[in-house]
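# Survey of secondary and tertiary structure
Residues per chain, in single letters:
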Amino acid sequence: MPQQLALSFGPDARELLSEATQPGRAGALAALESFYFAFNHRDLDVFRRVWTTHPLAQLNNPLGGILRGGEAITALYDKVFTGPARVTVTFGDIVEYVGDDHALFAGRETGEYRVGDTPAVPLAIRTSRYFRYEEGHWAQVHHHGSIDDAAALAAYQEAIRG
C-alpha cells in the first residue's frame, strides 16, 4: 500500500551506500538518501553508484530531456556538478510505493540555485524516483522531474547550462 513519509532528504542527507545493500524498504530508503547526499554534495562517485548502469535506465527532467543509460545520466550530472550554478534541493512530501524488489518515491523537490554571488533563485520540482533491488543493492532506474512555471524552467536551464 502507498504510504506518506514523514521524512525529507536534502543538504543534510547522508551517504548510506553500505545500507543500500539491504533488501527491503530500509535499503531502498538508504539508496534514496544517498542520491540526495550525492546531489547536494556534488559527489559524482556516489551519484554513479546510486544509478544502475543498465542501458535503459531513464532520466526525464528539465535539464536533460530524456536520457537513457547510466553513463549518459552520470555525464549530464557531471556537467551540473561542475557547472556555474550551485543547486541544492530537499525532497519532501513523499509518498512511497515499495515492494520486495522495487520502490517508487514521489514527491516534491524544493530548493534553490545561485550562480556566483547572485541572489538565490527558488526551485520547485515535481519528482519521482524509481529504484530496483539488483545484484545485491538498490539502484535508481528512473527519474522524472518537472517544473511547472515556464519562465522559472527557462531561467533554471540557462543558469545550469551557463
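Description of the structure in this document. (Residues numbered from 1 in each chain as written. Predicted model: local features only at pLDDT ≥ 70, side-chain atom pairs only at ≥ 80, totals over all residues. Heavy atoms only, no water.)

What the chain contains, in helices and strands, is 4 helices and 7 strands. For the chain, whose C-alpha radius of gyration is 15 Å, the value lies close to the compact-globule estimate of 15 Å for 162 residues. Reported as C-alpha extents along the three principal axes, the dimensions of the chain are approximately 45 × 30 × 25 Å. By sequence separation, contacts in the chain at least 24 residues apart represent 54% of the contacts at least 6 residues apart. With an accessible surface of roughly 8,000 Å², the chain has 53% of that area assigned to carbon and sulfur atoms. Side-chain charges of the chain comprise 14 positive and 20 negative groups, with the mean position of each set lying 3 Å from the other. (Helix = DSSP H or I, 4+ residues; strand = E, 2+ residues; numbered from the N terminus. Rg over C-alpha atoms; globule rule 2.2 N^0.38 Å. Contact = heavy atoms within 4.5 Å. Areas by Shrake-Rupley, 256 points an atom, 1.4 Å probe, with all protein chains shown as cover. Lys, Arg positive; Asp, Glu negative; His and termini not counted. Charge placed at Lys NZ, Arg CZ, Asp CG, Glu CD.)

By the bridge criterion, 12 bridges tie strand 5 (residues 102–115) to strand 6 (residues 121–134) in an arrangement that is antiparallel. Considered in strand 6, the bridge of Ala106 is made with Ser128. In textbook terms, the turn of a hairpin is the stretch between consecutive antiparallel strands, and for strand 5 and strand 6 this stretch comprises 5 residues, one of which, Gly116, has a positive phi near 60°. Two strands pair when backbone bridges link them, and strand 6 and strand 7 (residues 137–146) are joined in this way by 9 bridges, in the antiparallel orientation. By the bridge assignment, Phe131 is partnered in strand 7 with Gln140. (Pairing = 2+ DSSP bridges.)

Along an α-helix, a turn takes 3.6 residues, which lines up residues three or four apart on a common side. Helix length check: helix 1 (residues 25–41), at 17 residues, gives a terminal C-alpha distance of 24 Å against a target of 24 Å (1.5 Å per residue), a fit within 8%. In terms of burial, helix 1 is largely enclosed, as 14 of its 17 residues are buried. Downstream of helix 1 by a residue or two, Arg42 has a phi angle that is positive, lying close to 55°. (Expected span 1.5 Å × (residues − 1). Buried < 20%, exposed > 50% of the residue type's maximum accessible area, 1.4 Å probe, protein only.)

Next up on the list: the packing of aromatic side chains. With the rule as written, the count across this model stands at 13 aromatic pairs. Ring centres of Phe39 and Phe81 lie 6.1 Å apart, and the angle between their planes is 70°; on these two criteria the pair is classed as edge-to-face. Taken together, the residues Phe39 in helix 1 and Phe81 in helix 3 (residues 70–82) connect sequence positions 42 residues apart. Exposure remark for Phe39: the relative accessible area of 8% places this residue in the buried category. (Phe/Tyr/Trp six-rings, centres within 6.5 Å; stacked < 30°, edge-to-face > 60°.)

The 7 strands are arranged 1-4-5-6-7-2-3 in an open sheet whose pairing can be described as mixed. The strands lining the two open edges of the sheet, one partner per strand, are strand 1 (3–4) and strand 3 (65–68). Note that strand 2 (residues 58–61) and strand 7 share 3 bridges and pair parallel. Each residue of the ladder has a partner; that of Gln58, found in strand 7, is His142.

Of all hydrophobic cores here, the largest spans 45 residues; its most connected members are Phe47, Tyr77 and Phe105. Breaking this core down by element, the ones donating at least two residues are helix 1, helix 2 (44–50), helix 3, strand 4 (85–98), strand 5, strand 6 and helix 4 (150–161). It is helix 1 that provides the largest number of residues to this core, a total of 10 residues. Setting aside anything within four residues of it in sequence, one finds Phe47 in contact with Phe35, Ala38, Ile73, Thr74, Tyr77 and Phe81. (Core = buried A, V, L, I, M, F, W, Y, C linked by side-chain atoms within 4.5 Å.)

Checked against the element boundaries, Glu19 lands in the loop between strand 1 and helix 1. On the basis of relative accessibility, which here comes to 31%, the residue Glu19 falls in the partly exposed class. Along the sequence, Glu19 and Ala31 sit 12 residues apart, while their C-alpha atoms lie 7.8 Å from each other. Setting aside chain neighbours within four positions, we find Glu19 in contact with Gly27 and Ala30.

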